[in-house]
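Notes for the structure review
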Amino acid sequence: RVRRGICSLIVKILRFPCRRQRLRLLDMTGTHDDGLEQGPDTMSLWSRTVALAKSCIDIARKQCEETVQVSKRRKGAEVAGVALGSAHRSLYVEVRVDLFVNSTSYGVLREALLVSSHGPLRLQCRDIRAEELSLRSTVGLLELLNPNSLRQIDLRFNNLGLLGLNSLLPHMMRFTHLQSLKLPYSNIDVRRLSPAAEENLHNLSTQICRLPALRELNLGSSRLSGRLQQLLRGLGMPLESLELAFCYLLPADLYYLSQSVHVSSLRKLDVSGNNLCDILLQPFLRLLDSASSSLLYLDVMECKLDDSALAALTPVLGRCRCLRYLGLLDNPVSGRSIKALLLRSLHLADLRLVIYPCPLECYLDVEMRPEDVLIRDAEKTLQFEAEVQEALVTAQRTDMVWTTDMVGHRPPEYLSS
């Protein structure tokens, strides 16, 4: 239905002269989805991408067929107001979109981008997300995108490694307005590098630093131990968003960040999955303190933070006066520590969302079960959640959401904040 609707709308715009001045640009951006607030009748970004690509192809094919018919009847000038013929080939609608492609939809999207360069529906991609594509397919896709409109490239599960990324990044140099580069799950491991791999790492750093407009970088699930300075020190402008989840960080990485040009500009920091409870705790506290004047979003999920670590963290969080979002899920802390954090954060006027972990005492047989099979005590969990809500009401901070539900609550993307 969406595909037919788009086709019908564009055909009407192009066919009737009285409509030509009404729509030159159709903006369909801002339709990212992470499964949040998405009803059963809502299309996913992948489905919307496929529907739009097929619409683009259908309309181009229809234009071609009608042009041939007009040519055969040799009445192109006489039917200019009726057909999508040669007299109207200069009419088009620019469609600004966010796209999500994988190996299943790659073929149809590639065809759509090819025909849109000269067809009546011209796709201008703002943000593109690609999953599990080969190097060749990814390069082929990037070559078809308008370099002036692209602001974000998100490549996930590509398994390219250092060598593959070094082959890919030169194709990004023409995107001079690229603000966000996301390369999670790229199979990067800088530990025990061979001389050839050391050169690849150096080249990767050099190429990332050649992106002049870069403000956001995601290297999640890469093993970057001790090499963060090497990767980031050459950037001409400071980063405002840095995602380093599950990156096996070392104290040297956090100490570097705390003293780098990036720290006073950081609005979003994600260090989830790094063990912040032991040798990383003090360098992390220093980093957080250095970033406290600018930080809006902080993710420290699955960081093995216990009660003592959270107690050390709480005063520093209290100095992050611009903080809007805090992610603490899956850290082994007690309800007492969570409540203490809540009380110490009530003065943070901009704080709107905290994803907190279910307290240890709300699990059944904590000491008897492996971590991956912990089962919540439903009654204790509901009681604790009620106590948290009561504390917010008492403090007149019902504008804040404190929840353990990460699925239904996520902070906005950095570029949309």
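The coordinates are above.
Here's what I pulled together on the structure shown here. Predicted, not measured: the structure shown is a model, and the values here were computed from it. (Residues numbered from 1 in each chain as written. Predicted model: local features only at pLDDT ≥ 70, side-chain atom pairs only at ≥ 80, totals over all residues. Heavy atoms only, no water.)

Turning our eyes to something else, we now look at the environment of Asp 399. Examined against the element boundaries, Asp 399 turns out to sit in the loop between helix H12 (378-394) and strand E14 (401-403). Residues contacting Asp 399, with those up to four places away along its chain left out, are Ala 349 and Arg 352. Within polar-contact distance, the side chain of Asp 399 engages the side chain of Arg 352 at 3.0 Å. In terms of polar contacts, Asp 399 uses its side chain to reach the side chain of Arg 397, at 2.8 Å. (Helix = DSSP H or I, 4+ residues; strand = E, 2+ residues; numbered from the N terminus. Contact = heavy atoms within 4.5 Å. Polar contact = N/O pair within 3.5 Å; in protein donor to acceptor, adjacent residues only side chain to side chain.)

What follows is about the packing of helix H10 (residues 307-317) against helix H11 (residues 335-345). Orientation of H10 relative to H11, taken along the N-to-C sense of each, is 5°, at an axis distance of 10 Å. In terms of orientation, H10 and H11 fall into the roughly parallel class. Every residue of H11 that contacts H10 at Asp 307, Leu 310, Thr 314, Pro 315 and Leu 317 is listed here: Arg 336, Ser 337, Leu 341 and Arg 344. Looking at side-chain class alone, the contact of H10 with H11 contains 4 nonpolar, 2 polar and 3 charged residues. (Axes fitted to C-alpha atoms, helices over the stretch in contact; angles between N-to-C directions. Parallel < 35°, antiparallel > 145°, perpendicular 65-115°, else oblique. Nonpolar A, V, L, I, M, F, W, Y, C, P; charged D, E, K, R; others polar.)

All right, on to the pattern of salt bridges then. Under the counting rule described, the total for this entry stands at 17 salt bridges. One salt bridge in this structure joins Asp 98 and Arg 126, with 2.9 Å as the shortest N-O distance. One end of the pair, Asp 98, is in strand E2 (residues 93-102); the other, Arg 126, is in strand E3 (residues 121-131), with 28 residues separating them in the sequence. According to the relative accessible area criterion, Asp 98 is buried, its value standing at 4%. A salt bridge links Arg 129 to Glu 131; the shortest N-O distance between them is 2.6 Å. (Salt bridge = Lys/Arg side-chain N within 4 Å of Asp/Glu carboxyl O. Buried < 20%, exposed > 50% of the residue type's maximum accessible area, 1.4 Å probe, protein only.)

It is worth spelling out the side chain of Thr 381 at this point. Looking at where Thr 381 falls in the secondary structure, it is placed in helix H12. Apart from residues no more than four positions distant in its own chain, Thr 381 is found in contact with Cys 358, Cys 362 and Arg 376.

This part covers the sheet that holds strand E4 (residues 152-156). Here we have 12 strands laid out as an open sheet, ordered E1-E2-E3-E4-E5-E6-E7-E8-E9-E10-E11-E14, and parallel in their pairing. Two strands in the sheet have a free side with no partner beyond their single neighbour: strand E1 (25-27) and E14. Strand-to-strand, the axes of this sheet are offset by a mean angle of 10°, without reference to chain direction. Summarising the sheet, E1 and E2 pair through 3 bridges and their orientation is parallel. By the bridge assignment, Asp 27 is partnered in E2 with Arg 96. (Pairing = 2+ DSSP bridges.)

In terms of nonpolar packing, the biggest core is built from 109 residues, with Ile 153, Met 172, Leu 232, Phe 284, Leu 298, Val 300 and Trp 402 touching the most fellow members. Residue contacts for Leu 232: discarding those within four places in its chain leaves Leu 217, Leu 239, Leu 242, Tyr 256, Leu 257 and His 262. With 7 residues, the next largest nonpolar core counts Leu 296, Tyr 297, Tyr 325 and Ile 355 among its residues. (Core = buried A, V, L, I, M, F, W, Y, C linked by side-chain atoms within 4.5 Å.)

Tallied over the full model, the rule gives 3 aromatic pairs. On the numbers, 6.0 Å between centres and 65° between planes, the contact of Tyr 356 with Phe 384 is edge-to-face. With Tyr 356 in the loop between strand E11 (353-355) and strand E12 (363-364) and Phe 384 in helix H12, the pair connects residues that are 28 residues apart, well separated along the chain. No difference in accessibility class separates Tyr 356 from Phe 384, as the two residues are buried. (Phe/Tyr/Trp six-rings, centres within 6.5 Å; stacked < 30°, edge-to-face > 60°.)

A separate point is the environment of Met 400. Along the chain, Met 400 turns up in the loop between H12 and E14. A residue is classified by how much of its surface remains accessible, and Met 400, at 2% relative accessible area, is buried. A C-alpha to C-alpha distance of 9.0 Å links Met 400 and Leu 346, two positions 54 residues apart in sequence. In this view, Met 400 contacts Leu 346, Leu 351, Arg 352 and Leu 392; residues no more than four positions away in its chain are not counted.

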